[in-house]
Amino acid sequence: MSQRLEWGGSLAGSFILTADCRILEVNGAALRWLGYSEDELVGKPFHVVLGSGGQFFLQSQILPMLKLKGSLEEIYLRMRGKSGDTGPMLANTALRETGEPRIEFTFLRIPQRGHLEDELLQARKMAEQASDAKTKFLGMMSHELRTPLQLIGLNNQMLLGGECGLLNEEQKEMLEASQSAADSVAVLIDDILDFVRMQGGPANLTLEPVRVSRVLDRAEISLRHRLHQAGLICARRPGVENLSVLADKNRLQQILLNLLNNALKFTPRNGSVTIASHRADEFVVIEVIDTGCGIPPEQLQRIFEPFVQLTTSIESTDKPGIGLGLAICRDLARAMGGRMGVKSELGVGSTFSISLPCATPREQTGSAET
Amino acid sequence: MAVSVTVRNNVKVFGSGQQPVLFAHGFGCDQNMWRFIAPAFTDRFKVVLFDYVGCGGSDITAYRAERYQSLQGYARDIVEIAEAHDLRDIVFVGHSVSSMIGILAAKLAPERFAQLILLVPSACHLDFPPDYFGGFTRADLEGLLDLMEKNYVGWASFLAPMVMKNDDQPALQKELATSFCAADPSIARRFAAVTFLSDHRNDLQGVNVPALIIQCSDDALAPASAIDFVHRQLPGSAMRTLQASGHCPHMTHPTETIAAINEYLSSLRS
């Protein structure tokens, strides 16, 4: 045993290995923890002291990364002593290539941390399983709900069409209210189905160059009436609308409608909703800027997560929704090679943005951006 | 199509030759692992490197659990890379699990492949005594998955989403995730499970592309019994044993590995 390794003996276990992982030197702490004598280990392949799977991990992970990076830190390992598993260890290792190549390997025992990590991982696994179960359940429920809803709609239409006799005004109003409620539920179910579909795999997208002005026109037209009804000013800021993005035009439309609908929901009368666009490197960024109630910082971080709804705002208590809209937007944006973003200030307003790859070549955009 | 596959798999094409050499990295690493031998091919070949989805610089948002639940999904990616870059007459060099992925790809699109160079291949890592010895018991492999989980899905992946300020910042998450080169820890774990728990012994039949199998003198991951099995089952395959030991001869003994590949390729030409 070398002087150098013995010196570190009381605090950390140490090995020096050849490049093909044979043990050259081992220090006192390592021998004590593993229960071997020096003679029993020197000359042996290193994997004799590695626990189950350790040999595989050494060959497939540690050695290639050592070769590429020269050193590795904080490796979690289980080692195997003479009388079995020694519990969790944390190791640092480095490759010395001056002269004959050597691998230095130092490790500490971490019983407490190992235990905590086990608990965390277990909790994570359970959360993942619960999330899978939830997705399955939502998919099933949505289908089950859709069928009777279609029947309700069909019957409403027949009654309203006078197929079962003429209706008086009161009956008509009641039926229209019932149909409007059924329509709202249908939108929610579509949201759930969309969300479940995105969890299960790629959205079925047709990516093509889409002119920004065209999608913005369509989105604005379909919501203009409701924006006016809500007493909001709807503005378009000149930007890069003559550029095209690479996107699925229907899905992009869906995202914009969702953002505009949110702006509509959370902006009080006499406020404004502004649509803007600009170019950022290879992306076109479309923004929906409102002067609404804003989003508290702690909720802003999670706003794109599924089932997150604004809860602290008193204004939100009467807002329908289940918190899937933005999660769907995010997944759709990602599937189109883009991303969503948000900035917000409480009481001032929020800006939601979608960035999508620009489909207009650079040389054609010079005039477009001025 | 070409753009998205290139981005998805971080495809890099260079070199001055016509015939493509497609290098497919093994489990636990990315295209970087070829940097010791790829330069030796650039003057005569078109060198193509890529990362599997979830590794290195690939687009991790392209990961689909359904597609990548077996090696077939990874093989389809290789065929798509070949299609997107119009690669024909390919010399495919696959390390470890990529040997099997290459074999599956060559069965999907045999017309595109000229030769398969299989570095330390194993069709199945598990033992099935008394007929087959892949080198590992199920307990060994589960031990490996546990280590992967602890090293990849450990504290870093718990903290990363909390540290991240907003929706999309994969670059930040990547910096936090461990010393190992997994672009995404949970994908790495699933890739490990697919790699080490699957049995492809029946896929060696019906491969119509000539193959060279390269083995090391002492390889714990792909023991001689597993490599011999691939050699016996793969019609007309050639076998070459290196002096090198270990499981990554292209990293630890690049000169010898390059020579073995060159000798095989020139023997086919003469």
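Every residue gets a number counted from 1 within its own chain, in the order that chain's sequence is written. Here chains are named by letter from A upward and ligands by number from 1 upward, in the order in which they appear as written. Totals for whole chains, interfaces and linings use all residues, but because this is a predicted model, local features are given only for residues with pLDDT of at least 70 and pairs of side-chain atoms are given and counted only at 80 or more.

**Digging into the overall build of chain B**
The condition that has to hold: Secondary structure elements are defined from DSSP: runs of H or I of at least 4 residues count as helices, runs of E of at least 2 residues count as strands, and each element is numbered from the N terminus. For every residue, the other C-beta atoms within 10 Å of its own C-beta are counted; 20 or more classify it as buried, 12 or fewer as exposed, and values in between as partly exposed. C-beta atoms are placed from the backbone. Each residue is represented by a C-beta atom placed from its backbone, and any two residues with such atoms within 7 Å are regarded as in contact.
A count of helical and extended segments in chain B gives ten helices and nine strands. By residue count, 51% of the 270 residues in chain B fall in the buried class. Contacts in chain B between residues far apart in sequence, at least 24 positions, make up 74% of those at least 6 positions apart.

**Some details on the overall build of chain A**
Within chain A, the regular secondary structure consists of ten helices and twelve strands. Classification of the 370 residues of chain A by burial places 32% in the buried group. Across chain A, the fraction of contacts at a sequence separation of at least 24, relative to all contacts at a separation of at least 6, is 60%.

**With respect to the interface of chain A and chain B**
As a reminder, the rule being used: Note that Gly is not counted as nonpolar here; it falls among the polar residues with everything else outside the nonpolar set of Ala, Val, Leu, Ile, Met, Phe, Trp, Tyr, Cys and Pro and the charged set of Asp, Glu, Lys and Arg.
Listed as interface residues are 37 residues of chain A and, on the opposing side, 39 residues of chain B. Listed by contribution, the elements that provide at least two residues to the side of chain A that touches chain B are helix H4 (54–69), strand E3 (71–81), helix H5 (111–160), helix H10 (325–335) and strand E11 (339–345) of chain A. In terms of residues, the side of chain A that touches chain B owes the most to one element, H4 of chain A, which gives twelve residues. A class-by-class count of the residues in the side of chain A that touches chain B yields 17 nonpolar, twelve polar and eight charged.

**Notes on unusual backbone geometry**
Residues and elements named next belong to chain B. Looking along the chain, the bond that leaves Pro-129 and enters Pro-130 is cis, with omega of 5 degrees. Here Pro-130 is to be found in the loop between strand E6 (127–128) and strand E7 (132–133). A positive phi angle is found at Asp-86, which is not glycine, with a value near 50 degrees. Along the chain, the position of Asp-86 falls in the loop between helix H2 (71–84) and strand E4 (90–95). In the Ramachandran plot, Val-120 falls in the positive-phi region, its phi being about 40 degrees despite a non-glycine side chain. Mapped onto the elements, Val-120 comes out in the loop between strand E5 (113–119) and E6.

**Regarding the environment of Thr-195 of chain B**
Residue placement: Thr-195 of chain B occurs in helix H7 (residues 185–197). Through-space distance from the C-alpha of Thr-195 of chain B to that of Ser-96 of chain B is 9.4 Å; in sequence the pair is 99 residues apart.

**Comments concerning the confidence of the model for chain B**
Residue and element names in this part refer to chain B. Our working rule: pLDDT measures how confident the predictor is about each residue, on a scale from 0 to 100.
Residue-level pLDDT values for chain B average 85, and 86% of them are 70 or greater. Note that pLDDT drops below 50 for residues 155–179; the model gives that stretch 36 contacts with residues more than four away or on any other chain. What the predictor reports for the complex is a pTM of 0.61 with an ipTM of 0.78.

**So, the sheet that holds strand E1 (residues 13–18) of chain A**
All names here are of chain A. Put simply, the rule reads: Pairing between two strands requires that DSSP report at least two bridges joining them. Every axis corresponds to a line fitted to the C-alpha atoms, with the helix fit spanning only the stretch in contact, and the corresponding angles, defined between N-to-C directions, vary from 0 to 180 degrees.
Pairing is antiparallel across the open sheet formed by five strands, whose spatial order is E2-E1-E5-E4-E3. Every interior strand has two partners, whereas the edge strands, strand E2 (23–26) and E3, have only one. When the angles between neighbouring strand axes are averaged without regard to direction, this sheet yields 30 degrees. In this structure, E1 lies alongside strand E5 (residues 102–109), joined through six bridges in antiparallel fashion. By the bridge assignment, Leu-17 is partnered in E5 with Ile-103.

**Observations regarding the packing of helix H7 (residues 212–229) of chain A against helix H8 (residues 249–266) of chain A**
Helix-helix packing is described using two parameters, namely the angle between the two axes and the distance between the axes. All names here are of chain A. Here is the rule we go by: For classification purposes, an angle smaller than 35 degrees is called roughly parallel, one larger than 145 roughly antiparallel, one from 65 to 115 roughly perpendicular, and anything else oblique. For any pair of crossing helices, the crossing counts as left-handed if the nearer helix is rotated counterclockwise from the farther one by less than a right angle, and right-handed if it is rotated clockwise.
Packing of H7 against H8 brings their axes to within 9 Å, and their N-to-C directions diverge by 30 degrees. Considering the angle they form, H7 stands roughly parallel to H8. Considering how the two elements wind past one another, H7 and H8 form a crossing that is right-handed. Contacts between H7 and H8 pair Val-215, Arg-218, Ala-219, Ser-222, Leu-223, Arg-226 and Leu-227 from the former with Lys-249, Leu-252, Gln-253, Leu-256, Leu-257, Leu-260 and Leu-264 from the latter. In terms of residue class, the contact of H7 with H8 is made up of nine nonpolar, two polar and three charged.

**Considerations on the pairing of E5 of chain B**
Residues and elements named next belong to chain B. For the record, the criterion: Here the term right-handed applies to a crossover when the path leading from its first strand over the helix to its second strand runs clockwise, the strands being oriented away from the viewer.
Counting buried positions over the seven residues of E5 gives six, a clear majority of the element. Considered for its hand, the β-α-β crossover made up of E4, helix H3 (residues 97–108) and E5 is right-handed. Bridge analysis of E5 against strand E8 (residues 211–215) gives four bridges, and the strand direction is parallel. For Ile-117, the partnering residue across the bridge sits in E8 and is Leu-212.

**As for the nonpolar core**
The cut-off we apply is this: Joining buried Ala, Val, Leu, Ile, Met, Phe, Trp, Tyr and Cys residues through C-beta atoms within 7 Å gives a set, and that set is a nonpolar core.
Ranked by size, the top nonpolar core spans 110 residues in total, and within it Val-93, Ile-101 and Ile-117 of chain B carry the most contacts. Leave out the neighbours within four places in its chain, and Ile-101 of chain B touches Ala-24, Leu-71, Tyr-74, Ala-75, Ile-78 and Gly-94 of chain B.

**Notes on the packing of H2 of chain B against H3 of chain B**
All names here are of chain B. Look at H2 against H3: their axes get within 8 Å of each other, and the N-to-C directions meet at 65 degrees. In this structure, H2 meets H3 at a crossing whose hand is right-handed. Contact residues: H2 offers Leu-71, Gln-72, Tyr-74, Ala-75, Arg-76, Ile-78 and Val-79, while H3 offers Met-100, Ile-101, Gly-102, Leu-104, Ala-105 and Leu-108. Of the residues that constitute the contact of H2 with H3, the class distribution is ten nonpolar, two polar and one charged.

**Notes on the sheet that holds strand E1 (residues 12–14) of chain B**
All names here are of chain B. Ordered in space as E1-E3-E2-E4-E5-E8-E9, the seven strands form an open sheet in which the pairing is mixed. A strand with exactly one partner marks an edge of an open sheet, and here the two such strands are E1 and strand E9 (238–241). Averaged over all pairs of adjacent strands, the angle between their axes in this sheet comes to 15 degrees, without regard to strand direction. Here E1 runs beside strand E3 (residues 46–49); their pairing, made up of three bridges, is antiparallel. Paired with Lys-12 across the bridge in E3 is Leu-49. Sheet contacts for helix H8 (residues 224–233): E5, E8 and E9; angle to E8, the most-contacted strand, approximately 170 degrees.

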